Amino acid sequence: MKRRQFLQYGGGGLAAAAILGTVGCGGDDDDDAASPTAGTGSTPATGSTPGSSPDTGDFELADEQVLRARFYFELLPLDPATIFGIEQENTAIAVYSGLTKYNANTELEADLARDWEQPDDTTYVINLRENAAWQKDYGVVTAEDVVFSYNRIREGSGTYAREFGLIDSITALDDTTVEIKLSQPDGNFLHQVVNYHQGSVLNARAVTELGDDHWFNPVGSGPFILNDIQPGQGFMLDRFEDYFLGPATLERIEMRTVADQNTAAIALLNNELDVLMAIRQEPPLDALEGQDGIEFSVGEEWGISMWIFNTTIPALSDPRVRQAFAYAVDRKGAIEAAAPRTSQYTKNIVPSWMPEYFDGVPEYEYDPGEAMALLSAAGHENLTLKFMNLGNPTEILTLVQASLAAAGITLEFEIADRAQFNQRRVSGDHDITARGYPTANVDQILWNYLHPDNIVPNGFNGSRYNNPDVTDMMVKARSELDTEARMQLYADIQTQVMTDMPYLPIWGSNEWWPHRSTAKGVVCNRMPQGNWYDISIAKS
Amino acid sequence: MLSYTARRGLQTVPVILGVVTLVFLMIRLLPGDPAAYILGEGAQQDAIDELRGRLGLNDSLLVQYREFLLDVVTLDLGDSILNRIPVSTMIMDALPTTLFLGGISLVLGFLIAVPLGSFAAYFASKGKGAADQATTSFALAVDVIPGFWLALVLMLFFTLQLGWLPATGAVEWGDPVSLSKRFALPIIVLTLGQVGVIARVTRTAVMEVLADDYVRTARAMGTPEIPVLFRHALRNAALPVITVAGLSFGRLLGGTVIIESIFALPGMGTVLINGILGRDYTVVQGVVLVYGTIFILVNLATDITYTRLDPRVKF
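Note that the coordinates shown come from a computational prediction; the quantities given were computed from them, not determined experimentally.

(A) Expanded view of the overall build of chain A. Along chain A, the regular secondary structure elements total 15 helices and 21 strands. Across the 540 residues that make up chain A, the buried fraction comes to 63%. Within chain A, counting contacts between residues at least 6 apart in sequence, those at least 24 apart form 73% of the total.

(B) Inspection of the environment of V522(A) at higher detail. Residue and element names in this part refer to chain A. Positionally, V522 belongs in the loop between strand 20 (519-520) and strand 21 (536-537). In this structure V522 comes out as buried when scored by relative accessible area, which is 8%. On a C-alpha basis, the gap between V522 and Q323 in space is 40 Å, while along the polypeptide they are 199 residues apart.

(C) Up close: the interface of chain B and chain A. The interface of chain B with chain A comprises 45 residues on the first partner and 51 residues on the second. Roughly 4,100 Å² of surface becomes buried between chain B and chain A when both sides are summed, with 62% attributable to carbon and sulfur atoms. At the boundary of chain B with chain A, the tally comes to one salt bridge. Note that R54(B) is salt-bridged to D212(A), the shortest N-O span being 3.3 Å.

(D) A look at the environment of T91(A). All names here are of chain A. With respect to the helices, strands and loops of the structure, T91 is situated in helix 3 (residues 86-95). Overall, the relative accessible area of 0% leaves T91 in the buried class. Residues T91 and T123 lie 32 residues apart in sequence; the distance between their C-alpha atoms is 31 Å. Excluding residues within four positions of it along the chain, T91 makes contact with F71, L75, L78, F235 and L237. For T91, the side chain forms a polar contact with the main-chain oxygen of E87, separated by 3.0 Å.

(E) Main features of the nonpolar core. W307(A), F325(A), L450(A) and W532(A) are the most contacted members of the largest nonpolar core, which totals 209 residues. By residue number, the principal contributor to this core is helix 13 (residues 281-309) of chain B, which donates eight residues.

(F) Region of the structure containing unusual backbone geometry. Residues and elements named next belong to chain A. A cis geometry characterises the amide bond from V456 onward to P457, with omega recorded as 5 degrees. With respect to the element layout, P457 can be found in the loop between helix 13 (442-450) and helix 14 (468-479). Despite not being glycine, D137 shows a phi value in the positive range, around 60 degrees. Mapped onto the elements of the fold, D137 is located in the loop between strand 6 (123-128) and helix 4 (143-155). Non-glycine residue D228 carries a positive phi angle of around 55 degrees. Here D228 shows up in strand 10 (residues 224-230).

Analysis parameters
Residues numbered from 1 in each chain as written. Chains lettered and ligands numbered in written order. Predicted model: local features only at pLDDT ≥ 70, side-chain atom pairs only at ≥ 80, totals over all residues. Heavy atoms only, no water. Helix = DSSP H or I, 4+ residues; strand = E, 2+ residues; numbered from the N terminus. Buried < 20%, exposed > 50% of the residue type's maximum accessible area, 1.4 Å probe, protein only. Contact = heavy atoms within 4.5 Å. Buried area = accessible area lost by both parts, 1.4 Å probe. Salt bridge = Lys/Arg side-chain N within 4 Å of Asp/Glu carboxyl O. Polar contact = N/O pair within 3.5 Å; in protein donor to acceptor, adjacent residues only side chain to side chain. Core = buried A, V, L, I, M, F, W, Y, C linked by side-chain atoms within 4.5 Å.

Written out as structure tokens, the structure is:
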């Protein structure tokens, strides 16, 4: 009998428990959920999207359209200027709208914007939908709301202010027309106004009237209204009947707080939940895979988990040592052995699904001999370094540690909890650590990691990478409107970076959203965002 | 008795103050800035500083401590840094879940462990080694099984295999059936966690007493074995058992933290874990203060019970 069948039938419970027990009550080892910025693909949006109700497909709807979804922390303030964490962001996208949004394929679509024009390379004129209503009787969305929302980000000192760094001015030309002027061309600008982080549009009057209370009682223009927050238990997202695309099929989403991923898997199997947000451990997926009535949506390679080499450490300042790490880590072997579902092999700092991805970068196949030769040439045999990890090291990290040891590199783990981890990572206080970064905008990856202005603590360039040639190419690529020339610049950047190796792309992270087959239309895209509006419940 | 209770009650005040001070210092000695955590990575330093100012974190530790003590005295535990809800409200919402879970588990643990330990002692005194070993082994086994592992085993069996009990769900105080089902598994886990220690201590204490002259006298007078065991022997063996029960309540409270998290119960443990993860100083301080106070009060009750059980006991 195969293991899966054993789990499914008869006395498999104890065996499964033994397996699950090895991960204990670990909750989420949310490697990098506290991630930053908004995204973009590089494919420009297509313009307008006609209003439409969700597709209910070829099935009979259940009488009660209530989705029970797993949430896994306390709800934090839904302030677009500071929001972070995948579970929080997934709540915000249900409540707010942006000028644009990502669809299920992580492609850019119009949201509050009806369409837009570019009279010149640095000007966007955006026409808003005329029927977009605010929740809680706050009227309709106006251009002044957009101006207020985006100026609030630009003029504040929140996390995402730098995302609007290229904006020179935002002006309401009339009630439904916004003009945004940039200081230089940005081929990916429409990704900055997506319904994610800083791009969410707020109701100026509600924010002013409610002050800080607004963030737990928000007035959005999205398909659901936030209600009934119960600390430790969850909250409700109730359908907004006047949503501009028409009311969602779901009447309500019950966000239920279930921190432990194994408990969540059992609750899904027992029909206590319909969809599990963010499963990132293998044991619960082991238990769910192959079970009747369970399906999966996967946000593949939603972020590249990159090892950040602190180049102020003498050994790590030598690119040969960094390359030695790349040769010494048996990435394919570790992924296959320990995290075949939740991770995937990658050789580039740019995810393979992005149009700008370049496949011809230098590749470092596992070769401990080559690693040792490089370390010897650099004069750093028998190297010992510390790796700062969020929580206890996972199985895959332990395997990576073992493969490094085979090349003479001793990796010691420093265990930090979320608050300490974030603080030390932001300040760059580590030898090596990791970061993942959900975005659909290649510029955000490149600029945040590689631009000298973003060297820690000013940004996410924890490696302190500063290659003037790469910086120059990044500036040119962002402004270049000719697709072929742009792609060449991006290819050159990726090639150079994977030679310099300030960051080691250790693996691509996959986000699993298991769900019951009666929950129709569940898709987790690569941000990773759920498409709450499109979900419906079928009769079982 | 009244003066003794009052005296012991007063003695708890410095202990509670010590707990308050330790909690205050420990959470602040942990690395990780709550303001930076709340604002997320990439927050600019002036934003972090501004939030720290609003939260009073830029004040000296002494000033913060004074403010904290004044607030505690006036029963104002402040607002959560993360979600701005008054901590007292969060605690009052969560406390019933934890007290219900802990209270029932303690009582059940006592009801199971004391007879188990007593019978083990009886069997041992009668030379029935196999029966003694069986009960002792059971007590040892349930003592060493990790709670989180047992929780998952029970969920797989009672939730998935049998479909009798839920793994998660709302806590509905007005619906006894739903409530029983919701709490059954966590209570089993916590109860079994209590049984091991109390049963083994009971066994040892009762065995000592069973060798005493007055027990032999009772038997010689024809008193049946059950009354001998429970009316005479156990009563005189109760002091160490009560001591351990009182102390193990602390362990039980610790267990609720993990078990609430696994079973997604909205109790104090869940509030505490989220508070620690988010560096929510006010929440952690408030919850630990309540936990500490409950523990101290339980031990005060234990001391008072001593004097009731054995008037010779003087403090």
